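Inside the fold
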Amino acid sequence: MLAASVLTVLIDFGLNFGENSGKHRLGIYEAAQLFGACRLPVLAVEAGGEWTDNSKNKFLDPRHFLFQSHSASNKNDDIQRPYMNIKMTPQAYCPHNCLSAILIAALLSLMSGCSSLLQEASPEMKQQALSFKPPAGMAGLYVIRKHHLGHCDPWDFRLDYQDFGSMMPSYYLYNTILPGKHFLRPGPLGEYGIATFVAEAGKCYYFLIKPSFSKHPFTQLSEAEGQQYVRQYKMSADEPYKAPFSP
Amino acid sequence: MKTINGIQLTIQFLGLSLCVCGCAHYTEGTDFGKSEISQIVKGKTTSSDLMNILGTPYSKNPVADGGEQWFYYCSHYSEYVPWAAAAEPNAQPIISNGIIQQGQQNLTILLNKDKVVVDFTLDKGPTNK
């Protein structure tokens, strides 16, 4: 599903981008075919310096490059490729290769979930979080960020008057908090909503956040649901929070 | 039949987006109102009660008789909207990074050595309204 949607994006982008420069369109086809699983029809080819739709019944095979690496001795000469009657100038190789690299990087970034942008917590911190038992006289707070395609930026969270932490999708934040009322807000200034709850000593609280147009993007989870997410997701190391006035 | 073309749809979407952006208000700190304040009773409410009513204070400072002074605040913000600012030419908003501070409420609570509320004051800080 993901590969199919990316492939579609690549092709759409290529068709739009190719309106003024057909040479870039070839780059798109190369990139698309790197990930494609089926044969792609060639919608247009360059013939005599103009793009024409005379490519019926011509296809690119999966993982097949139209243009391989080359050494152009004379940069002013066009390189004529007999294959499918497509020609390309040497100058076009750089932009089309760069474009392919950008698209491939974007695809890999999407597929990896951008997990490498923030560090994961140490094993000791994870062990403490996975025990699901806050220290005596304290409560535990887990803020879980659900995976969402296309969202790869770190989100900041604030608890009461302090920064609680920052995390990527498929990560969670954990810290011990004082019993009593708390205000949990996403965003560097807490501008994207608020969750208010009263914590009891010895208990753990789980809040799930996902992109939303509403001002209440948090969902409080049951213990079982929360623990399931915590076991699946990674723990963010970016947790500056320290419970104030704690004993 | 009347049809809506792409440009009309785009303009309508932009208009709706700007309206939504212009309505963004939010708070920082302890979000308290009349209902929370009414629960604080002098000589009766304890520090544990305060933690459940208001939460963790911004600061705690010791006072002379062994008691403590707890301080809470709630700042109100909104996103800076040029046409909204133009509608109030006399207002002098505090703008930082596209954010306007609309006002701030401060709550100072005095507790004795037995952690019982002796007195409290509620006042408004800097505001542009």
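It should be noted that the structure appears before, not after, this text.
Residues numbered from 1 in each chain as written. Chains lettered and ligands numbered in written order. Predicted model: local features only at pLDDT ≥ 70, side-chain atom pairs only at ≥ 80, totals over all residues. Heavy atoms only, no water.

1. Thoughts on the overall build of chain B
Helices and strands together make up the secondary structure of chain B, namely four helices and six strands. Every one of the 129 residues in chain B was classed for burial, and the buried ones make up 36%. (Helix = DSSP H or I, 4+ residues; strand = E, 2+ residues; numbered from the N terminus. Buried < 20%, exposed > 50% of the residue type's maximum accessible area, 1.4 Å probe, protein only.)

2. Thoughts on the interface of chain B and chain A
The interface is formed by 21 residues belonging to chain B together with 18 residues belonging to chain A. Both sides together, the interface formed by chain B and chain A hides about 1600 Å², and carbon and sulfur atoms give 58% of it. Our enumeration of links across chain B and chain A arrives at two salt bridges. Between Lys181 of chain A and Glu36 of chain B there is a salt bridge, with the nearest N and O atoms lying 3.4 Å from each other. Applying the counting rule to chain B against chain A returns eight residue pairs in polar contact (both at pLDDT 80 or more). No other element matches strand 1 (residues 25-29) of chain B, which puts five residues into the side of chain B that touches chain A. (Contact = heavy atoms within 4.5 Å. Buried area = accessible area lost by both parts, 1.4 Å probe. Salt bridge = Lys/Arg side-chain N within 4 Å of Asp/Glu carboxyl O. Polar contact = N/O pair within 3.5 Å; in protein donor to acceptor, adjacent residues only side chain to side chain.)

3. Here's the deal with the sheet that holds strand 13 (residues 204-209) of chain A
Note: strands within a sheet are paired through backbone hydrogen bonds, in either parallel or antiparallel orientation. All names here are of chain A. The sheet built from five strands is open, its strands ordered 14-13-7-10-15 with mixed pairing. Edge strands, defined here as strands with exactly one partner in the open sheet, are strand 14 (218-221) and strand 15 (234-235). Of the pairings in the sheet, the one linking strand 13 to strand 14 comprises four bridges and is antiparallel in character. Note on strand 14: the bridge partner recorded for Phe207 is Gln220. The strands that helix 4 (residues 123-130) touches are strand 7 (139-145), strand 10 (171-177) and strand 15; relative to strand 10, the one it contacts most, it runs at about 75°. Across the sheet, helix 5 (residues 223-232) lies against strand 7, strand 10, strand 13, strand 14 and strand 15, angled at about 70° from strand 13, the strand it touches most. (Pairing = 2+ DSSP bridges. Axes fitted to C-alpha atoms, helices over the stretch in contact; angles between N-to-C directions.)

4. A look at the nonpolar core
Ranked by size, the top nonpolar core spans 40 residues in total, and within it Leu141 of chain A together with Ile109 of chain B carry the most contacts. Of the residues forming this core, the biggest block, four residues, is contributed by strand 3 (residues 68-79) of chain B. Once you skip the residues sitting within four places of it in the chain, Ile109 of chain B turns out to touch Ile40, Leu50, Leu54, Glu68, Gln69, Trp70, Tyr72, Val117, Asp119 and Phe120 of chain B. Counting 15 residues, the second largest nonpolar core, distinct from the first, contains Ile144, Tyr172, Val230 and Tyr233 of chain A. (Core = buried A, V, L, I, M, F, W, Y, C linked by side-chain atoms within 4.5 Å.)

5. Let's talk about the sheet that holds strand 11 (residues 180-186) of chain A
All names here are of chain A. Across the sheet, four strands lie side by side as 9-8-11-12; this open sheet has antiparallel pairing. Since the sheet does not close on itself, it has two edges, and those belong to strand 9 (162-167) and strand 12 (195-199), each with one partner. When the angles between neighbouring strand axes are averaged without regard to direction, this sheet yields 25°. Here strand 8 (residues 155-159) pairs with strand 11 via three bridges, running antiparallel. Of the residues in strand 11, the one forming a bridge with Arg158 is Arg185.

6. Details of the environment of Pro62 of chain B
Residue and element names in this part refer to chain B. Note on placement: Pro62 falls in strand 2 (residues 59-62). For the pair Pro62 and Leu110, spaced 48 residues apart in sequence, the C-alpha to C-alpha distance is 9.7 Å. Those residues in contact with Pro62, other than ones at most four positions away along the chain, are Gly67 and Glu68.

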